[in-house]
Amino acid sequence: MRVSEVGIKGFRNVCETVFEPCDEINIFYGENAQGKTNIVEAIWLFSGMKSFRGAKDSELIGYNESFAKLNIKFFNSVRENKAEIIVSNKRNAVLNGVKLHSCAALIGKFSAVVFSPSFLSVVENGPAERRKFIDTAVCQIKPSYAALLSEYSKLLKQRNSLLRDVMFDSSLLDVLDVIDEKMTAAGEKIAQERKKYLFECEPAAKKIFEGLSSGKEEIGFLYKSSYDEGQGLKAAVKENRKNDIINKVTSAGPHRDDIEIFLNGNSVKSFGSQGQKRSCAVALKLTEAHILKEKTGEQPVIILDDVMSELDAGRQDFILNHIKNRQVFITCCDPSPVFGASGGKKFEIQNGKIIKCI
Ligand SMILES: Nc1ncnc2c1ncn2[C@@H]1O[C@H](COP(=O)(O)OP(=O)(O)O)[C@@H](O)[C@H]1O
Ligand SMILES: [Mg+2]
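Please read these numbers as outputs of a predicted model, since none were measured by experiment.

> Quick question: what am I supposed to make of the pairing of strand S12 (residues 301–305) here?
Each regular strand shows side chains that alternate between the opposite faces of the sheet. Of all 5 residues making up S12, 5 are buried, and the element is well covered by its neighbours. Direction of pairing for strand S8 (residues 112–115) relative to S12: parallel, over a ladder of 4 bridges. Residue pairing across strands places Ala112 opposite Val301, the latter belonging to S12. As paired elements, S12 and strand S13 (residues 328–332) share 4 bridges and run parallel to each other. Its bridge partner lying in S13, Asp305 is registered against Thr331. Following the backbone out of S12, through helix H10 (residues 313–322) and into the adjacent parallel S13, one traces a crossover that is right-handed.

Okay, structure coming up:
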C-alpha cells in the first residue's frame, strides 16, 4: 500500500494542505505540539479504525471549523484509489466515488500499522492496551470482526445497565436471559478469533524476536481468559450472575481477558527487564505488520509516531531494516538519527504547517 497524496482541511491544528509523500520513508519533524502526530493521525483514520489516540470524533475538528475533510490517493496491489473522510457530528467516508455506509467500512480497504510511545509500555500496562492491540490487528485482517466487537460492546453496556435496574424490577430477569445468550455467543467468538490470531502470529513473532535479541530468547504468548475455558463463557456468566448483580458489572468475558507474553517461558510483565519489555513491544508491532501482509496480500503503511527517540540505536536500526520496501511515516523532534537511514522525504512542521519539504 502506498499513499501518493494527502489532503487535510479543518483537521485539528493542521492548516489546509495537500502534499505528496514518497514511497519510502517520510519524516515529519519539528518542535513539540506543532501538528506532526495530527498529520499521521489523519492518514491512520483511513484504516477505518478509531484514532490511535483514543480521540472522539469531535476532537478531530479544528477549533474554529465546523467539519474536517481528509483525502488520500493510495495504491494497493490492484489499482489507484481515492478516499475521503468527512468528520462532522458523524464520520463519513467515500471510496472511489462511492459513499460508504460508515467510516468503519474502510477497514480492510486501506491498512496501516501504528507504533506510538504508549505502545512501548504495552507489556507493563493494564490488559486494556493488549486487548486493543489484538483487536486492532484482527479487525484489519477480518473486517467483520469490527462488527462483532461493536455488537459485543453494545450488549455489554445493555447488560451492565440491566444489572443496575434488575434490583428494582425482577421482571427484567427475563430480558437479562436474552442479553446473556446473545452476549456470550458474541463473546465466545471474539475470544476464538483472538486465540486464532495469537496462534498464527506466534511463529512470526518468534522469528522477529530472535533477530532482535540475537537468538538469545524465545517469545511466546498465552491467551488468558477471565473465566474457566473448560466451563465456557455462557456457564461462567450464568454462575457469576448473582455477584454481577451485587457489583453491577459483568465480571467474565473478552472485555476482561488478557494476553500474557513470555520470554523463554517466563512472564515478561513479572520478570522482564525494561529492555526486554520494549523489545517485545517492537516485535509485536512488526509481527502485526507481517501478518497483515500475509493475510491480506497488501503491505500496510507503517506509522512510527515519536517512538524512534525512545529506542536505542540497535532497536531503531532493527525496525528500519525490517520495514524496508514499505511506505513509512515517521514523526520525531530531532530527525538526525533517522535522517541518514532515509533516502525519502522530510517535512518540517511548524504551527500546523509544512514549512519545508526536502
Ligand atoms: N481539534 C483541534 N483543533 C485545533 N488544534 C488542535 C486540536 N486538537 C489538537 N490541537 C493542537 O494540536 C497540537 C498538537 O499537535 P500534535 O500533532 O500532537 O503535535 P506534535 O507535533 O507534538 O506531534 C496542539 O497545539 C493542540 O493544541
Ligand atoms: Mg506527536
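> Would you take a moment to explain the site of ligand 1 for this structure?
Looking at ligand 1, there are 15 residues lining it, with Ala33, Thr37, Asn38, Arg53 and Ile61 nearest. Here an oxygen atom of ligand 1 sits 2.8 Å away from a polar atom, N or O, in the side chain of Thr37. In isolation ligand 1 exposes 580 Å². Once the protein is present, 78% of that is buried. Per-element accounting of the shell around ligand 1 gives the leading share, 3 residues, to helix H1 (residues 36–44). Across the shell around ligand 1, the residue classes tally to 3 nonpolar, 7 polar and 5 charged.

> In this structure, what is going on with the packing of helix H6 (residues 172–212) against helix H7 (residues 233–247)? I would like to understand it.
How two helices pack is summed up by the angle between their axes together with the distance between the axes. At a closest axis distance of 10 Å, the pairing of H6 and H7 adopts a crossing angle of 135 degrees. In terms of axis orientation, H6 runs oblique to H7. Helix-helix and strand crossings are classified by hand; for H6 and H7 the assignment is right-handed. Of the residues in H7, those touching H6 at Leu173, Leu176, Asp177, Asp180, Glu181, Met183, Thr184, Gly187 and Glu188 are Leu233, Lys234, Val237, Arg241 and Ile245. A breakdown of the residues in the contact of H6 with H7 according to their chemical character gives 6 nonpolar, 2 polar and 6 charged.

> Hey, could you run me through the packing of helix H9 (residues 274–296) against H10 in this one?
Two elements in contact, H9 and H10, have axes whose closest approach is 11 Å; the angle formed by their N-to-C orientations is 10 degrees. Comparing their axes, H10 and H9 come out roughly parallel. In contact with Gly275, Gln276, Arg278, Ser279, Val282 and Leu286 of H9, H10 contributes Arg315, Phe318, Ile319 and His322. For the contact of H9 with H10, the residue count by class is 4 nonpolar, 4 polar and 2 charged.

> Can you help me understand the domain arrangement of the protein chain in this one?
Many structure descriptions define interface size as the accessible area lost when the parts assemble. What the domain assignment reports for the protein chain is domain 1 (1–111 + 301–358) and domain 2 (118–297). Between domain 1 and domain 2, the residue contacts involve 18 residues of the former and 18 residues of the latter. A combined buried area of about 1500 Å² lies between domain 1 and domain 2, and 71% of that area is made up of carbon and sulfur atoms. It is Ile107, Arg315 and Phe318 that lose the most area in domain 1 upon contact with domain 2, and together they represent 35% of the buried surface on that side. In this structure, the salt-bridge partner of Glu310 is Arg278, at a minimum N-O distance of 3.7 Å. Top contributing element to the side of domain 1 that touches domain 2 by residue count: H10, with 4 residues.

> Which parts of the structure should I look at to understand H6?
The periodicity of an α-helix, 3.6 residues per turn, causes residues three or four positions apart to be oriented the same way. Of all the bends in H6, the largest measures some 40 degrees and sits at Glu202, one to four residues before the proline Pro203. Just downstream of H6 lies Ser214, where phi reads positive at about 50 degrees.

> Could you clarify how one ought to interpret the pattern of salt bridges in this entry?
It is possible for side chains of opposite charge to pair when their charged atoms get near one another. For the structure shown, the criterion picks out 20 salt bridges. Note that Lys73 and Glu5 form a salt bridge whose closest N and O atoms lie 3.6 Å from each other. With Lys73 in strand S4 (residues 68–75) and Glu5 in strand S1 (residues 2–9), this residue pair connects regions lying 68 residues apart in the sequence. With relative accessibility at 25%, the residue Lys73 sits in the partly exposed group. Residue class for Glu5 comes out partly exposed when judged on its relative accessible area of 24%. Between Lys234 and Glu181 there is a salt bridge, with its nearest N and O atoms 3.2 Å apart.

Reading guide: rules and limits
- Residues numbered from 1 in each chain as written.
- Chains lettered and ligands numbered in written order.
- Predicted model: local features only at pLDDT ≥ 70, side-chain atom pairs only at ≥ 80, totals over all residues.
- Heavy atoms only, no water.
- Buried < 20%, exposed > 50% of the residue type's maximum accessible area, 1.4 Å probe, protein only.
- Helix = DSSP H or I, 4+ residues; strand = E, 2+ residues; numbered from the N terminus.
- Pairing = 2+ DSSP bridges.
- Right-handed = clockwise from strand over helix to strand, strands pointing away.
- Near = heavy atom within 4 Å.
- Polar contact = N/O pair within 3.5 Å; in protein donor to acceptor, adjacent residues only side chain to side chain.
- Areas by Shrake-Rupley, 256 points an atom, 1.4 Å probe, with all protein chains shown as cover.
- Nonpolar A, V, L, I, M, F, W, Y, C, P; charged D, E, K, R; others polar.
- Axes fitted to C-alpha atoms, helices over the stretch in contact; angles between N-to-C directions.
- Parallel < 35°, antiparallel > 145°, perpendicular 65-115°, else oblique.
- Left-handed = near helix turned anticlockwise from the far one by under 90°.
- Contact = heavy atoms within 4.5 Å.
- Domains from an automatic or database assignment.
- Buried area = accessible area lost by both parts, 1.4 Å probe.
- Salt bridge = Lys/Arg side-chain N within 4 Å of Asp/Glu carboxyl O.
- Bend = angle between axes of the 7 residues up to and from the residue.

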